Every structure is written in C-alpha cells, then in structure tokens.
Amino acid sequence: MLTPLGRLDKYAASENIFNRQMVARSLLDTLKEVSDDERDCIAVLERISRLADDSEPTVRAELMEQVPHIAMFCQENRPSIPYAFSKYLLPIVVRYLADQNNQVRKTSQAALLVLLEQELIERYDVETKVCPVLIDLTAPDSNDDVKTEAVAIMCKMASMVGKDITERLVLPRFCEMCCDCRMFHVRKVCAANFGDICSVVGQQATEEMLLPRFFQLCSDNVWGVRKACAECFMAVSCATSQEVRRTKLSTLFINLISDPSRWVRQAAFQSLGPFISTFANPSSSGQYFKEEDGKNPEDCGSAQENSEQVRTTEDVTTDEDPNRTEDLASYSDDSDDFATKLENVMEDQNALSNNSKRESDFQTESSFHCTLPSESCGEMADENEQSSHCCTTDLQEAGLNSQETSLSEQELYNSFHFWRTPLPEIDIDYELQQTSDIKLDREIQELTMPVSPSIPMATRKELEEMIENLEPHIDDPDVKAQVEVLSAALRASSLDPQEETMASVGKGTDSQTELTINDQQSFKPILGDIVPLIGDTVESMDSTLHYIHNDSDLSTNSSFSPEEERKSKVQDVVPQALLDQYLSMTDPSRAQTVDTEIAKHCAYSLPGVALTLGRQNWHCLKDTYETLASDMQWKVRRTLAFSIHELAVILGDQLTAGDLVPVFNGFLKDLDEVRIGVLKHLHDFLKLLHVDKRREYLYQLQEFLVTDNSRNWRFRAELAEQLILLLDLYSARDIYDYLRPIAFSLCADKVSSVRWISYKLVSEMVKKLYMASTPTFVVDLMNELVEKFCRCHKWSGRQTFVFICQTISEDDCLPMDQFAVHLLPHLLHLASDKVPNVRVLLAKTLKQTLLEKEYFLNSANSHQEAVEQTIMALQMDGDSDVKYFASIHPASTKIADDAMSTASSTY
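The residue numbering used here restarts from 1 in each chain and proceeds along that chain's sequence as written. Local features in this predicted model are restricted to residues of pLDDT 70 or higher, and side-chain atom pairs are both shown and tallied only at a pLDDT of 80 or more, whereas totals for entire chains, interfaces and linings draw on every residue. Note: side-chain values were computed over all heavy atoms of the structure, leaving out hydrogens and water.

## Focus: helix H34 (residues 619-629)
Point 1. Judged by how many residues are buried, H34 sits mostly within the fold: 11 of 11 residues are covered.
Point 2. Partly exposed residues are those whose accessible area sits between 20% and 50% of the maximum for their type, while under 20% is buried and over 50% is exposed, using a 1.4 Å probe and protein chains only. Secondary structure follows DSSP: runs of H or I at least 4 residues long count as helices, runs of E at least 2 residues long count as strands, and numbering of each begins at the N terminus. Three or more residues of H34 are buried, namely His619, Cys620, Leu621, Lys622, Asp623, Thr624, Tyr625, Glu626, Thr627, Leu628 and Ala629.

Okay, structure coming up:
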C-alpha cells in the first residue's frame with residue numbers, strides 16, 4: 001500500500017490532467033496525514049512547489065484555490081513547520097499574479113486578498129515580496145490586463161496592510177497610475193478605489209498628494225472615469241478637512257452634476273445626499289428631541305455615512321451623443337440670480353407700463369424653474385398651498401445675494417407683497433378699472449417711498465453686470481427674454497426716485513403711470529417675489545416657523561413676516577449651490593434628463609441631509625419633503641415612510657407635530673407597499689408625539705387590518721408585533737377599548753404565523769391590564785377570552801384559548817392564583833372536547849407548563865387536584881396522541897417543537 005507521499009508522487013507525475021487536479025485538491029488532506037512528522041510536511045510543501053510549475057492552467061488554478069487552506073493549516077501548526085508559508089507558498093501566490101492564464105491570475109488575486117485579510121502574511125513579507133512585485137506589474141511596459149489587475153489589488157490591499165506601508169510603497173505608484181495617459185481602464189480602477197486609498201492614508205496625504213490627482217480624474221475625457229469619481233465622492237470628502245470640503249470639493253462636485261454625460265450625472269446625483277452629509281457638525285445637529293432639552297444636546301457623531309447608496313451601473317461601450325439636451329439647472333441658477341439682482345431695482349421704479357407684459361412672461365419662466373414637480377403639484381388640490389411652495393422655493397438663491405436695505409418690518413408688511421395667483425382676464429367696467437388703478441398706485445407708493453435714493457446707482461451697476469453675464473447665452477429664448485427685462489429695468493432705474501414716486505400718486509393723469517388690469521396681473525407676481533427677498537443678513541430661521549397655505553388671510557392672519565420669509569432657503573452649513581442642486585432633484589425635468597429614479601435617491605438621503613442642516617434649517621427642506629411625500633411613484637413615498645421616524649428624531653417634537661404628522665397621516669391611507677414602511681416603525685414614531693396627539697391614532701389602528709391583498713399576512717403579523725410595543729404608550733382604558741378588539745381579530749387570523757404573534761400580544765395585554773390601577777379591565781378581558789374563544793363553536797377558537805392560556809402561564813403574565821381563579825376552570829373543561837386536537841394541546845399545556853409552576857408543585861390546593869385529575873383523565877383518552885402527551889415527562893419534549901403540528905391549517 002502506498003504511503004501518502006508515495007501516492008502524491010505517483011499521481012503528480014501522471015499524464016492525466018484529471019489526476020493532477022485531484023492531487024492539488026487532496027494536498028491539504030495529505031498534509032494533515034503527515035502533520036506529525038516535520039520532514040514529511042516539508043516534503044509535501046516541496047512537492048507543492050514542483051506542482052506549481054505544471055503546464056496545465058486548470059491544475060495551477062486548482063492548486064491556488066487550496067493555498068489559503070494550506071496556509072491556515074501551516075499557521076495552526078507553526079511550531080512544527082516554521083516559515084513554511086513564507087518559504088514555499090507565498091512565492092507561488094506572487095508568481096501567479098503575472099501568470100499568462102486569466103483564470104490562474106484571478107485565483108491568485110483572490111487568494112492573496114484572503115491571506116491578507118486573515119493576517120497570514122507577515123508584515124516583512126508584504127514589504128519585501130508582495131509590494132515589489134505589484135509595483136513591477138504596474139510598470140509602464142507591463143501587460144495592459146496585468147497592470148489593471150495589479151492596480152486593483154494594490155487598492156484593495158491598502159486597508160489590510162495599513163497606513164505606513166500604503167503611504168511608503170503603494171501611494172507613489174497609485175498617483176502615477178492616476179495619470180496613465182494610455183490606459184483609461186487603469187485610471188478608472190484608480191478612480192473607483194480612490195475613496196479607499198484616501199481613508200487609509202489620512203487627511204494630510206489626501207490633501208497634499210491625492211486631491212490634485214482626483215481633480216484630474218474628475219475632468220477625465222472618459223465618462224466612465226468621471227462616473228467612478230462621482231460614486232466615491234463621499235469617501236474622498238470624509239478624508240478631507242471642512243475647509244477643503246467647502247472650498248474645493250463642493251465646486252468640483254457641481255461640475256460633475258452638470259457633466260455632459262448622463263451616466264455621470266446619475267452617479268453624481270446619487271452621491272449628492274451622502275456628500276452633503278459629510279458637512280455635518282455634531283455641535284449644530286444635536287440629537288435631543290424635546291425642545292426644552294436643547295441645553296444639553298447629545299453629540300450625534302459624524303453624518304450618516306451609512307446613507308450612501310452605491311448603485312452599480314454597467315458601463316456603456318457606445319459613445320454618447322455630444323449634442324445632448326442642455327440641463328435646465330444652468331438656466332435655473334441664472335434665473336434665481338437675476339431675481340435677486342432685480343429686487344432692489346424694483347423698489348425704485350414704477351413706470352413699467354411698456355414692459356409689464358415682457359416682465360410677466362419672464363416671471364412665469366423664472367417660476368417654472370423653481371416650482372415643485374408638476375406631478376406632485378397636480379396631486380394638491382389647494383392652489384394656495386401650491387403658490388406657497390412657489391414663494392418659498394424662489395428664495396433659495398436670492399437670500400444669499402440680497403443687498404443690504406434698511407427697511408423696517410412694519411413698512412414691509414403688506415398683503416400685496418406676497419405671491420398671488422394671477423387673476424383671470426375678464427371684461428371690467430371703466431369705473432372699477434379706475435378704482436383698481438388708484439388702489440394699486442397707493443400700494444406701489446407704500447412700497448417705494450421708504451427706499452433710499454442711494455440704491456439705484458448700485459443696482460444699475462449690478463444690472464449691467466447681469467446683462468454682460470447673460471449675453472453669451474443670448475441664443476436661448478429664455479435668456480433673451482431675461483436680457484430684455486434687465487434692459488427695461490436698467491432704463492427705468494435711471495429715473496429719479498422722487499419723480500417716480502410723485503408720478504405714481506398722480507392717479508392716472510400721466511399715461512406712463514396708468515396700469516391696466518392686465519398690467520396689474522403681470523405686476524403682482526413680480527412684486528410678490530421681490531419684496532420678501534430684501535434683507536441685510538443671512539440667519540437661520542427659528543424652528544417654530546409656520547408656513548402660510550391660504551393667501552386669502554395674508555392681510556390679517558399671516559403667521560410669519562417678510563423678514564422671516566426672506567430667509568426661507570438660506571443656511572450656512574452646506575454650500576448653497578449643493579443644497580440647491582439637491583432641492584432640484586424633485587424637478588420633473590431631472591427625471592427626463594438624469595435618472596427616472598432620481599426622486600427616490602433624493603428621498604433616500606433626505607434624513608442624512610436633514611441631520612446635516614439641523615432642525616433650525618428644516619425650512620430649507622420642508623417643501624422638498626412635501627413634494628416627495630406626494631410623488632406619483634410609490635417607491636419614493638415608500639422610502640420616506642421607512643425613514644419618517646428617524647426624521648422625527650432629527651426635527652424634534654414641535655416640527656414633527658407641525659410638518660411630519662400630516663405626511664404620516666397621508667402614508668396611513670396609501671398603498672400597502674407604503675403603509676408597511678409606516679407600520680414597521682409605528683411605535684418609534686408614535687412615542688415621539690404628545691400624549692393627546694398619540695391618542696388620535698387609536699381610531700386608525702383598526703384600518704391596518706384591511707389590506708389591498710388579503711394574502712398579505714406579513715402585514716398583519718407586523719401589526720401584531722407593533723401592538724405589543726404600543727402597549728407601553730397607552731393607558732389601560734385605551735388598551736381595553738381600542739387595542740383589545742384588534743388583538744382578538746388577529747387571534748382568529750387565517751394564517752398561523754399571525755396567530756402565534758397574536759397570542760403573545762394578548763398575554764402581554766393581560767399583563768399590562770393586571771398591573772393597572774383598575775382591576776376590572778383585566779377581569780373583563782379574561783371573561784371575554786372565555787366567551788369568545790373557550791366557548792367558540794369552532795374547534796380552532798377553543799384551541800386558540802388553550803394557546804393563550806399556555807402563553808400567559810409560560811411568560812408569567814398573571815399570578816398563578818389569579819390564573820387559577822379566572823382561566824383554569826374553563827381550561828380544564830376542554831378535557832371533554834370532542835376534537836382531539838384541542839385535547840392534545842390541553843395535555844401539553846397541563847403537563848409541560850402548568851405542572852412545572854411552583855404554585856402547583858409546592859402547595860396542596862383544590863386547583864392542583866383538579867389539574868391532576870384532568871391529566872389522569874387525559875391519560876385514559878381514546879386518542880393515542882392525547883395519551884402520549886398526557887403521560888410523557890415534560891423534559892422529554894418541547895412544546896414549541898410540536899405545537900405547530902396541532903395548529904390549524906396555514907390558510
């Protein structure tokens with residue numbers, strides 16, 4: 001009979017490829033057989049080295065698959081075979097990295113990463129044997145495929161070998177590979193792993209050596225490289241300082257968002273939310289919920305880095321059409337800037353009768369860029385709410401660039417200053433028209449009188465600059481219209497302010513000041529947007545800010561002043577350009593030009609963005625959140641539903657009650673796919689609400705029993721799980737009045753999994769009511785259990801009663817003396833039930849649960865005797881299963897193991 005070594009030698013020299021493959025597979029077993037003899041172990045390892053020279057790639061690949069297992073064995077038996085791995089195995093792994101066969105290379109790369117991960121390679125070997133080979137493989141004259149794979153291995157092993165080796169040996173070559181002019185595949189691999197390298201080498205090396213390369217990769221002429229940069233942007237941002245992040249990376253990211261390639265824009269918008277989250281400051285986004293707890297906010301740590309969602313997309317080999325449709329965002333920004341520059345001019349001029357029509361057209365176009373998506377607005381029946389969205393959205397860019405103006409709050413306050421929906425064009429009598437003209441002139445006079453005469457010189461200069469900036473885009477019709485309005489405003493601002501004011505009081509005597517009804521309709525929207533934007537500083541709004549949704553009450557019941565409204569989209573946590581791009585993700589045009597699921601990505605990262613901005617800047621996201629909550633795609637609403645409880649923690653009790661509760665109520669009436677998100681975290685959300693507000697949802701819990709698909713039993717199972725948690729939030733009266741009927745309904749569900757959870761629910765309900773100050777609730781509950789289930793005409797109902805009693809007893813939800821008085825007599829009565837399934841479960845419960853309780857073991861009482869007599873009767877039962885479970889010792893079986901066999905059918 002051949003020895004292990006003899007058998008190894010025989011088959012290793014075979015001409016049959018299959019035999020040599022079998023030798024490679026059996027190397028570990030052979031090594032274990034000879035592990036007691038050090039010389040035999042060394043002999044096996046030497047034969048492994050010879051086998052590594054096999055000409056057949058499949059043999060070499062099979063050998064390499066066994067190397068990690070052999071290395072682990074050598075590590076465990078290190079005293080007997082020291083340095084075995086370093087001397088015999090590691091050279092094979094390193095050599096195979098440059099093998100001619102692709103399968104062998106891939107196998108060796110995977111083996112190397114496993115060995116590094118398991119820390120089986122000594123640090124010295126990494127520096128002297130692994131890294132030099134990888135550096136040689138990435139030399140300029142190396143094979144293209146090998147070079148690409150070697151770069152990928154270098155990047156993946158960086159986190160395993162640590163900062164020192166990476167910075168000394170890997171980083172210089174990595175920077176060279178980022179500038180590989182010949183192979184874009186190499187640059188793409190570098191871009192894809194850039195974030196990992198940055199996280200290993202730290203902030204200083206990232207900013208000094210890596211960031212210049214990253215800027216080059218972000219402007220690479222191959223869109224796949226730029227897309228990879230966009231995908232790893234958050235990881236790169238985490239490795240830089242706040243200053244670099246704000247001054248350099250934010251500008252770079254804006255370029256990626258406006259990239260000519262649609263695939264790059266997709267990746268950039270998906271990374272936008274995670275990138276914004278890296279601006280989070282723990283001191284400004286403390287995680288206290290109650291407003292009065294703000295004195296000692298808890299540190300929330302860094303931003304929600306887990307909010308990053310990497311969406312892999314297959315590379316498209318075909319080139320994109322360079323003549324793509326231009327992104328609307330570039331013109332949207334121009335429109336916002338123009339509205340800001342124009343606001344100060346409008347305070348000094350009234351004579352716009354010749355240009356009012358063109359201004360009306362421009363205002364319509366400008367508002368188009370900054371209103372909410374049409375699909376969301378279409379779902380809102382209230383036009384006033386829609387117009388409120390338009391007003392607050394227009395304030396995004398304008399608040400940053402508004403000129404300093406000394407206007408008192410009282411002088412600015414006027415219902416005319418707010419956005420109004422244009423009135424329909426109708427024929428009107430001359431007298432009514434004249435009256436309207438007079439009224440409008442008075443309002444214009446109130447608006448223009450307090451303005452300082454020193455403003456026109458500054459505004460004229462700004463208008464000239466705006467015209468110069470827009471001239472390169474004059475071919476675009478929208479830009480041309482803006483230039484025309486700017487020119488008109490420039491001409492009007494040249495008039496003396498006092499003359500304009502006196503002319504406006506002339507009540508129509510001068511033709512230049514006469515405004516028709518159509519002119520008024522065009523003029524109102526412009527003034528409505530301009531006046532609230534006037535401001536002197538940029539401050540964060542108070543968290544108790546309320547938004548007006550009914551402009552009919554603006555003149556008397558306005559809950560916020562123009563001073564507050566002008567700040568609506570302004571914050572100083574994140575660069576405003578990034579926030580504006582994030583808010584634009586709800587624009588319908590984005591879905592057409594970027595990604596059809598862009599709104600879903602916006603919803604996914606919204607809690608992270610909200611945490612970054614802090615609750616004091618929630619007003620910046622409020623309109624966007626409402627738009628997403630009414631999005632036509634249920635996947636978008638589902639994403640929000642799953643995270644609304646987290647957002648509530650971020651915003652605090654006041655904002656949650658005002659802004660999230662209405663959205664939460666809408667989700668409760670949505671599709672099941674959306675409702676499940678709310679249901680899974682129902683307890684987490686309701687516990688954050690005030691007690692009175694929380695009680696309002698007691699009436700709606702019953703609605704969760706109704707689903708679009710009756711087979712959706714997991715929905716009802718989740719409801720039962722949540723009701724168990726909700727027991728701690730409500731009083732005994734509320735539990736008995738509202739939760740009890742739902743629990744009983746779930747106990748009679750068609751699906752056994754739902755019923756099992758419901759038994760636990762009822763037992764916890766009994767425990768909660770027993771601990772209440774009023775004992776009548778638990779007594780009434782147990783009486784109803786007896787009436788509804790124990791005396792049920794269906795055997796499944798009687799079986800449910802036994803299950804509930806078993807759960808109450810096992811979990812000690814009720815003292816045994818109370819259990820014996822209220823439930824035990826009815827339970828024992830089921831010993832004469834005509835259905836064997838009921839008697840089987842009764843035998844299990846009595847023998848394995850009740851008789852194990854101290855109450856029935858140590859105290860002689862009538863209840864103990866009744867239980868023993870019932871068990872004796874069951875031992876004489878005609879059914880063999882009943883006899884078996886009434887006779888066996890409790891320790892020989894577990895009730896949970898075969899209780900399911902006695903349950904009714906699943907459906």
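## Re the side chain of threonine 870
Point 1. Topologically, threonine 870 is positioned in helix H49 (residues 862-875).
Point 2. We call two residues in contact whenever any of their non-hydrogen atoms come within 4.5 Å of each other. Apart from residues no more than four positions distant in its own chain, threonine 870 is found in contact with Leu828, Ala831 and Leu846.

## Let's talk about the nonpolar core
Point 1. What we call a nonpolar core is a set of buried Ala, Val, Leu, Ile, Met, Phe, Trp, Tyr and Cys residues that are connected through their side-chain atoms within 4.5 Å. Membership of the largest hydrophobic core comes to 170 residues, with the highest contact counts inside it found for Phe194, Phe214, Tyr582, Leu686, Phe801, Phe819 and Leu827.
Point 2. If we ignore the near neighbours within four places in the chain, the residues touching leucine 686 are Phe664, Arg694, Tyr697, Leu726, Leu729 and Tyr730.
Point 3. With 55 residues, the next largest nonpolar core counts Leu5, Val59, Val67 and Val93 among its residues.

## Here's the deal with the environment of phenylalanine 685
Point 1. Within the fold, phenylalanine 685 resides in helix H38 (residues 682-686).
Point 2. Sequence separation of phenylalanine 685 and leucine 647 is 38 residues, and the distance between their C-alpha atoms is 9.4 Å.
Point 3. Look past the residues within four positions of phenylalanine 685 in its chain and what remains in contact with it is Ile644, His645, Ala648, Thr656, Leu660, Val661 and Phe664.

## Examining the state of the cysteines
Point 1. Throughout, disulfides are identified as pairs of cysteine sulfur atoms within 2.5 Å of each other. Counted by the stated rule, this structure contains 0 disulfides.
Point 2. Cysteine 155 takes part in no disulfide bond, and the closest cysteine sulfur to it belongs to cysteine 190, at a distance of 5.5 Å.

## Some remarks on the side chain of aspartate 125
Point 1. Relative to the assigned elements, aspartate 125 resides in helix H8 (residues 123-137).
Point 2. According to the relative accessible area criterion, aspartate 125 is buried, its value standing at 6%.
Point 3. In this structure, aspartate 125 is in contact with Ser86, Leu90 and Val130, ignoring residues within four places of it in sequence.

## Thoughts on the pattern of salt bridges
Point 1. In what follows, salt bridge is the name for a side-chain nitrogen of Lys or Arg lying within 4 Å of a carboxyl oxygen of Asp or Glu. Under the definition given, this model contains 34 salt bridges.
Point 2. Arginine 123 is the partner of aspartate 164 in a salt bridge, and the nearest nitrogen-oxygen pair spans 3.1 Å. Taken together, the positions of aspartate 164 in helix H10 (residues 163-178) and arginine 123 in helix H8 put the pair 41 residues apart, joining distant regions of the chain.
Point 3. Judged by relative accessible area, aspartate 164 falls into the partly exposed class, the value being 38%.
Point 4. Take arginine 123: its relative accessible area is 43%, and that puts it in the partly exposed class.
Point 5. One connected set of salt bridges, linked through shared partners, spans Arg123, Glu127, Asp164 and Arg168.

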